[in-house]
Amino acid sequence: MQSFTHDTYLSPFSWRYGSQQMRTVFSEEHKRKLLRRIWVALAKAQAQANLVSAEQLDELVANQDTIDIERATEIEAEIGHDLMAEIKTYAEQCPKGGAVIHLGATSMDILDNMDAMRLKEALNLVIIQVKALLAVFITRMEAYADQPCMAFTHIQPAEPTTVGYRLAQTAQDLNEDLQDLIRVHASIRGKGMKGAVGTSASYTELLRGTGITASQLEAMVMKDLGLEAYTAATQVYTRKQDLRIGQALSSLCATLYKFFIDFRLLQSPPIGEWSEPFGAKQVGSSAMPFKRNPINSEKIDSLCRFVEAQESVLWQNAASTLLERTLDDSANRRLVLPELFLSVDEILSTAIKVVHGMQVHRAGIERNLASYGIFAASERLLMELGKNGANRQEMHELIREHSLCAWAEVQAGKPNTLKQMLCEDATIRAYLQKEAIEALLDANQYIGDSPERTRKVIEEIRDVLSR
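Residues numbered from 1 in each chain as written. Predicted model: local features only at pLDDT ≥ 70, side-chain atom pairs only at ≥ 80, totals over all residues. Heavy atoms only, no water.

S.K.: Help me out: how do you make sense of the overall build of the chain in this one?
M.R.: Of regular secondary structure, the chain possesses 18 helices and 4 strands. Relative to the compact-globule value of 23 Å for 467 residues, the chain shows a C-alpha radius of gyration of 31 Å, a clear excess of over 25%. With the C-alpha coordinates aligned to their principal axes, the bounding extent of the chain is approximately 100 × 50 × 35 Å. Going through the 467 residues of the chain one by one, you find that 48% of them count as buried. Taking the intrachain contacts of the chain between residues at least 6 apart in sequence as the baseline, contacts between residues at least 24 apart amount to 77%. Accessible surface, the chain as shown: approximately 22800 Å² in total, 52% of it carbon and sulfur. (Helix = DSSP H or I, 4+ residues; strand = E, 2+ residues; numbered from the N terminus. Rg over C-alpha atoms; globule rule 2.2 N^0.38 Å. Buried < 20%, exposed > 50% of the residue type's maximum accessible area, 1.4 Å probe, protein only. Contact = heavy atoms within 4.5 Å. Areas by Shrake-Rupley, 256 points an atom, 1.4 Å probe, with all protein chains shown as cover.)

Printed below as a string of structure tokens:
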């Protein structure tokens, strides 16, 4: 249900971009529930050292999810410290247990472990969506593995490929992106419980005489949270972790940006081979009713640029953490980390929709093959002439001259007559019959082993998806 009004600034991520599931991960309510979960885990471990009573612990557990953001905001306005405001709010709800909340801890013992937990949740959602996108790519690759089409180099017609093989280039990159994301997800660690500068001095002092060490306390807390801890930390976990996550997401977006800018080129009427799904009542332009603009692909590329730009901020945070920490990463992390994931979430959901509903126009494909494919297939003719004893250099020059004449005709809007020229050339006919020349100039057959390679990529992806 909508919980905001439109009479003040709203981030587009509040309502336009990203799923409700991803918004929930980065919501204030979920954040505060995670904070309390960490305080409870700490209290449970400290109860093992007889620092927290059973009655205090029970009270903390009973009120763990009783979030009161309005009250916490009131307290923060008075004291100017958001985490202490949440502690005081929690303590007000727990008359007995409130006295032991945050015992021995520093703010980042709680906040950085919370961030690590939240980042794992968000990255897991991304991984699920990438897998779903790859499944859609597989369906399309299977459908079009054998469909010839013109390939372009330098944005100029080159030689034929297949639609499936073109899709396989992106799917192969996505498969590697998925493996990187899985690896980064598995590597995410929390700060642990190490105190103000990471030495565990406060916990060591607190636990003196209890028979439990600071490392043992940390291990109990992190096991409860289901999170690994860095062996060494300062006041914060290393900001290289945020950078690694940002780099993995940025790399994913590089793959998708390239695919969807290609999609935009292929949807352009002069090529006219692909198009986005288009709703029955969808409006393409406010001024030109006939237009079917590739708005989804454009949105994807726009958000991909935004994601790439955030990687630079995370680099600066990692490189500029002076000594045991500074606070100049705090404000931007509140923006960058949620918006990175919400952007990628929107990118992936849109990509799934476009690839699932993409239209492949055979008429456009055949038109381009008819206009340009024969130029590429002339290479096939050249090789066969050489095999039949012709001088390769002389044949190359002969075919080049005919090709330039035919190209000029095509550029002038006339039919491509290269096949007729080559079939009627007496020098060429001295080595090959007309029927053989015509067969060699069939561009639909000049696709090499691209169908087999497409199916090999499908096998590789399925292997990763099945793990």
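S.K.: What am I meant to see in unusual backbone geometry here?
M.R.: Here Ile155, not a glycine, exhibits a phi torsion of approximately 60°, which is positive. Among the secondary structure elements, Ile155 is positioned in the loop between strand 1 (148–153) and strand 2 (156–162). In the Ramachandran plot, Arg325 falls in the positive-phi region, its phi being about 160° despite a non-glycine side chain. When its relative accessible area of 18% is taken as the criterion, Arg325 is described as buried.

S.K.: In this structure, what is going on with the pairing of strand 1? I would like to understand it.
M.R.: A regular strand places its side chains on the two faces of the sheet in alternate fashion. Summarising the sheet, strand 1 and strand 2 pair through 5 bridges and their orientation is antiparallel. In the strand pairing of strand 2, Cys149 is matched with Thr161. (Pairing = 2+ DSSP bridges.)

S.K.: For this particular structure, what's the right way to read the nonpolar core?
M.R.: Grouped burial of nonpolar side chains is what soluble globular proteins tend to show. Ranked by internal contacts, the top residues of the largest apolar core, which has 110 residues, are Val126 and Phe341. Ranked by residues supplied to this core, first place goes to helix 6 (residues 107–144) with 20 residues. Not counting the four nearest positions on each side in its chain, Val126 is found in contact with Met22, Leu181, Leu249, Leu252, Phe341, Val344 and Leu348. (Core = buried A, V, L, I, M, F, W, Y, C linked by side-chain atoms within 4.5 Å.)

S.K.: Would you take a moment to explain the packing of aromatic side chains for this structure?
M.R.: Here a ring pair, both rings aromatic, is described through the centre-centre distance and the interplanar angle of the planes. For the structure shown, the criterion picks out 13 aromatic pairs. Between Phe259 and Phe260 the ring centres are 4.9 Å apart and the planes differ by 90°, which places this aromatic pair in the edge-to-face class. In this structure Phe259 comes out as buried when scored by relative accessible area, which is 2%. Assessed through its relative accessible area of 1%, Phe260 is described here as buried. An aromatic cluster is defined as three or more aromatic residues linked by ring pairs; in this entry it consists of Phe137, Phe259, Phe260, Phe263 and Trp274. Over the ring of Tyr90 we find Arg36; its NZ or CZ atom is 4.2 Å from the centre of that ring. One Lys or Arg, Arg239, reaches over the ring of Tyr237 and ends 4.8 Å from the middle of that ring. (Phe/Tyr/Trp six-rings, centres within 6.5 Å; stacked < 30°, edge-to-face > 60°. Lys NZ or Arg CZ within 6 Å of the ring centre and 35° of its normal.)

S.K.: Can you walk me through the pattern of salt bridges in this structure?
M.R.: Two side chains carrying opposite charge are able to pair once their charged atoms lie near each other. One pass over the structure, following the stated rule, counts 30 salt bridges. For Asp262, the salt bridge is made with Lys258, and the minimal N-O distance between the two is 2.5 Å. A residue pair is termed a helical-turn pair when its members lie 3 or 4 positions apart in one helix, as Asp262 and Lys258 do in helix 10 (residues 240–267) at 4 residues. A single salt-bridge network, built from bridges that share partners, covers Glu28, Lys31, Arg32, Arg36 and Glu86. (Salt bridge = Lys/Arg side-chain N within 4 Å of Asp/Glu carboxyl O.)

S.K.: Could you clarify how one ought to interpret the side chain of Thr170 in this entry?
M.R.: Along the chain, the position of Thr170 falls in helix 7 (residues 163–187). Judged by relative accessible area, Thr170 falls into the buried class, the value being 5%. Look past the residues within four positions of Thr170 in its chain and what remains in contact with it is Phe137, Thr255 and Phe259.

S.K.: Explain helix 2 (residues 28–48) here, please?
M.R.: The α-helix advances 3.6 residues per turn, and as a result positions three or four apart in sequence lie on the same side. Look at helix 2: 31 Å from first C-alpha to last across 21 residues, which is about the 30 Å you get at 1.5 Å a residue. Where helix 2 terminates, the next one or two residues include Asn50, which has phi positive at roughly 60°. (Expected span 1.5 Å × (residues − 1).)

S.K.: What is the right way to read the packing of helix 4 (residues 69–79) against helix 5 (residues 82–93) from this model?
M.R.: A pair of packed helices is characterised by two quantities: the angle between their axes and the separation of those axes. Between helix 4 and helix 5, the shortest axis-to-axis distance is 8 Å and the interhelical angle comes to 130°. Between helix 4 and helix 5, the angle falls in the class oblique. Crossing angle aside, the handedness with which helix 4 passes helix 5 is right-handed. Residues Arg71, Ala72, Ile75, Glu76 and Ile79 of helix 4 form the contact with helix 5, whose participating residues are Asp82, Met84, Ala85, Glu86, Lys88, Thr89 and Glu92. Of the residues belonging to the contact of helix 4 with helix 5, the class tally is 5 nonpolar, 1 polar and 6 charged. (Axes fitted to C-alpha atoms, helices over the stretch in contact; angles between N-to-C directions. Parallel < 35°, antiparallel > 145°, perpendicular 65-115°, else oblique. Left-handed = near helix turned anticlockwise from the far one by under 90°. Nonpolar A, V, L, I, M, F, W, Y, C, P; charged D, E, K, R; others polar.)

S.K.: When you look at the side chain of Asp345 in this model, what are you seeing that I'm missing?
M.R.: Tracing the backbone through its elements, the reader meets Asp345 in helix 12 (residues 330–357). Non-local contacts of Asp345, meaning those with residues more than four positions away in its chain, are made with Gly18, Ser19, Met22 and Gln129.

S.K.: How should the environment of Cys304 be read in this particular structure?
M.R.: The topology assignment puts Cys304 in helix 11 (residues 295–319). A C-alpha to C-alpha distance of 12 Å links Cys304 and Gln247, two positions 57 residues apart in sequence.

S.K.: Even after reading the chapter, I still don't get the packing of helix 6 against helix 7, so can you show me in this structure?
M.R.: Two elements in contact, helix 6 and helix 7, have axes whose closest approach is 9 Å; the angle formed by their N-to-C orientations is 160°. Relative to helix 7, helix 6 is oriented roughly antiparallel. Like other packed secondary-structure pairs, helix 6 and helix 7 cross with a definite hand, here left-handed. Here the residues of the contact of helix 6 with helix 7 are counted per class, giving 18 nonpolar, 5 polar and 3 charged.

S.K.: I keep staring at helix 14 (residues 392–411) and nothing clicks. Help me out?
M.R.: Here helix 14 spans 28 Å end to end across 20 residues, near enough to the 28 Å set by a 1.5 Å rise per residue. Every buried residue of helix 14 is listed here: Met395, Leu398, Ile399, His402, Ser403, Ala406 and Val410. When helix 14 is viewed along its axis, its buried side chains cluster within an angular range of 130° and face the same direction. Facing away from the buried surface of helix 14 by more than 90 degrees, the exposed residues are Gln393, Glu394 and Gln411. Here the buried face of helix 14 lies against helix 13 (362–387), helix 15 (418–424) and helix 16 (426–429). For helix 14, the N-terminal capping position is held by Asn391, with its side-chain oxygen 2.9 Å away from the main-chain nitrogen of Gln393. Positive backbone phi, approximately 85°, marks Gly413, located one or two places after helix 14. (Arc of directions from axis to C-beta. Polar contact = N/O pair within 3.5 Å; in protein donor to acceptor, adjacent residues only side chain to side chain.)

S.K.: Any chance you could explain the state of the cysteines here in plain terms?
M.R.: Such a bond, covalent and formed between the sulfur atoms of two cysteines, is termed a disulfide. The final tally for this structure, using the stated rule, is 0 disulfides. Free cysteine Cys423: the closest other cysteine sulfur is in Cys405, separated by 16 Å. The class for Cys423 is buried, based on a relative accessible area of 3%. (Disulfide = S-S within 2.5 Å.)

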